[in-house]
Structure formats: C-alpha cells, structure tokens
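Residues per chain, in single letters:
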Amino acid sequence: MVKKDSRPKRINIKRERKRLIKEKRKKLDKQQLHEDKKVKKKIDIRLEKETKLYWIRVISGAMSALIGRLIGFLGWPMLILMLCFWFATPFFFSFVILKYEYDKEEWNWKNIIKPGVGIFFLIFMIVGVITHTLLAFI
C-alpha cells in the first residue's frame, strides 16, 4: 500500500490572488452596470439641483466682490451689491438659464436661496479683501 501524503497541496499564491482579483472585478462590473440602469429618485434630482446652485453661489460670490470692488464700492454700496447678487442670481440661474421645473406642492423659495449661503459670503469676503488689497497697493 502506498501511503498518502499528509502534507497539504502547494498552492501558487500569485495565481490564486490573480484569480480572486478577476472574480472581484467581474462582480464590481456587474454591480456598476446594475447601478447605472437604476432610475434616478427625486432626492437624487434635488441634490443635483442643489449642487449646481451651490457652485453658482460660489461663482456669484466671487464675481460680486470683484465687480463691486473694481467699480469702487466700499461700505454700504458694497453691502447692497452683495445682497442683490445674493438674492437675484439663484433665481435668475434656476428659472432663466437652467430652467428647472419645480413641483408646485413641494416648491418653496427657500429651497433656491438656501444652498450655498455660507460659501457665498466666505468667497465674497476672500475675493473682496484680496481685490481691495491689490487695488490699494497698486
């Protein structure tokens, strides 16, 4: 009788690892195809709208500070210009340029003004201070 070898089989680790990686890639590819086919939900659409309005706020905050300072506004005129940009640009962009459709039942003017208020003011102050400094020393 031949004795059985009690040692475990030798496994090529590199080959096994490559095989496992290929299997995981196939699973991930199938999951990504599954996720791409899903229909967007209302929350996803709303978040996309809010993200666009957020970045519009960033740009409008920088532009309001730059335009106001280059015109020569300081103090109260600059504050009034900032408030005009603050309240006018989101409505202009959402209704005229982007042409978003809002549900009459869920629509609220606060949903347009709310996203990006803090970043608007922060970028306004940063760009305003930098432009004021550059104009003062040049």
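Computed from a prediction, not measured in an experiment: that's the story for all the values here. The residue numbers shown here count from 1 along each chain, following its written sequence. Only residues with pLDDT of at least 70 are given local features in this predicted model, and only at 80 or more are side-chain atom pairs given and counted; all residues enter the totals for whole chains, interfaces and linings. With hydrogens and water set aside, each side-chain value is computed from the structure's full complement of heavy atoms.

> Can you help me understand the overall build of the protein in this one?
Tallying secondary structure elements over the protein gives five helices and zero strands in all. Comment: elements are numbered from the N terminus, with helices defined as DSSP H or I runs of at least four residues and strands as E runs of at least two. The secondary structure elements of the protein, listed N-terminal to C-terminal, are α-α-α-α-α. Here's how the labels work: a residue is buried when its accessible area is under 20% of the maximum for its type, exposed when over 50%, partly exposed in between, all with a 1.4 Å probe on protein chains only. For the protein, the proportion of its 138 residues judged to be buried stands at 22%. Note on definitions: a residue-residue contact is assigned when non-hydrogen atoms from the two residues lie within 4.5 Å. Pairs at least 24 apart in sequence give 73% of the contacts found in the protein among residues at least 6 apart. Split by element, the accessible area of the protein, about 12,000 Å² in all, is 65% carbon and sulfur. Reported accessibility uses the Shrake-Rupley method at a 1.4 Å probe radius. Residues are deemed covered only where the shown protein chains occlude them.

> Is there a simple way to think about a nonpolar patch on the surface in this case?
Two distance rules govern patches: like charges are joined within 9 Å, and nonpolar side chains (Val, Leu, Ile, Met, Phe, Trp, Tyr) within 5 Å, applied only to residues with over 30% relative accessible area and no salt bridge. Salt bridges are defined as contacts in which a side-chain nitrogen from Lys or Arg sits within 4 Å of a carboxyl oxygen from Asp or Glu. Together, Ile 59, Met 63, Leu 66, Ile 67, Leu 70, Ile 71 and Leu 135 make up a nonpolar patch on the protein surface, roughly 610 Å² of accessible area in all. At six residues, helix H2 (residues 42–71) tops the list of elements feeding residues into the nonpolar patch. Within the element layout of this structure, Leu 66 appears in helix H2.

> How should the pattern of salt bridges be read in this particular structure?
Working definition: two side chains of opposite charge can pair if their charged atoms are close together. Counted by the stated rule, this structure contains two salt bridges. One salt bridge in this structure joins Glu 16 and Arg 19, with 2.8 Å as the shortest N-O distance. With a gap of three residues between them, Glu 16 and Arg 19 both fall in helix H1 (residues 13–37), about one helical turn apart. Of the residues examined, Glu 16 reaches a relative accessible area of 31% and is grouped as partly exposed.

> What is the right way to look at the environment of Gly 118 in this model?
Along the polypeptide, Gly 118 turns up in helix H5 (residues 117–137). Along the primary structure Gly 118 and Tyr 54 are separated by 64 residues, whereas in three dimensions their C-alpha atoms are 9.9 Å apart.

> Explanation requested: the packing of H2 against H5 in the structure shown.
Axis angle and axis distance: for two packed helices, these are the angle between their axes and the distance between the axes, and together they describe the pair. For helices, the fitted axis covers only the stretch in contact; all axes are lines through C-alpha atoms, and the angles between them, taken along N-to-C directions, range from 0 to 180 degrees. Between H2 and H5, the shortest axis-to-axis distance is 8 Å and the interhelical angle comes to 30°. By the angle between their directions, the pair H2 and H5 is classed as roughly parallel. Considering the relative orientation of H2 and H5, their crossing is right-handed. On H5, the residues that touch Tyr 54, Arg 57, Val 58, Ser 60, Gly 61, Ala 62, Ser 64, Ala 65, Leu 66, Arg 69 and Leu 70 of H2 are Val 117, Ile 119, Phe 120, Ile 123, Phe 124, Val 127, Gly 128, Thr 131, His 132 and Leu 135. Each residue gets one label: Ala, Val, Leu, Ile, Met, Phe, Trp, Tyr, Cys and Pro are nonpolar, Asp, Glu, Lys and Arg are charged, and the others, such as Gly, are polar. Residues that form the contact of H2 with H5 fall into these classes: 13 nonpolar, six polar and two charged. Any angle that is under 35 degrees is reported as roughly parallel, and any over 145 degrees as roughly antiparallel; angles of 65 to 115 degrees are reported as roughly perpendicular and all others as oblique. Crossing handedness follows the turn of the near helix against the far one: under a right angle anticlockwise gives a left-handed crossing, and clockwise gives a right-handed one.

> Looking at this structure, how should I read helix H3 (residues 76–97)?
One less than the residue count of a helix, multiplied by 1.5 Å, gives the span that helix is expected to have. Helix length check: H3, at 22 residues, gives a terminal C-alpha distance of 30 Å against a target of 32 Å (1.5 Å per residue), a fit within 8%. Its maximal kink placed at Ala 88, H3 deviates by approximately 30°, while the proline Pro 90 follows within four residues. Looking only at H3, the buried set comprises Met 78, Leu 81, Met 82, Phe 85, Trp 86, Thr 89, Pro 90 and Ser 94. Summarising the contacts, the buried residues of H3 are in contact with H2, helix H4 (109–113) and H5. Trailing H3 by a residue or two, Lys 99 shows a phi angle of about 50°, which is positive. A residue's bend is given by the angle between axes fitted to the 7 residues ending at it and the 7 residues starting at it.

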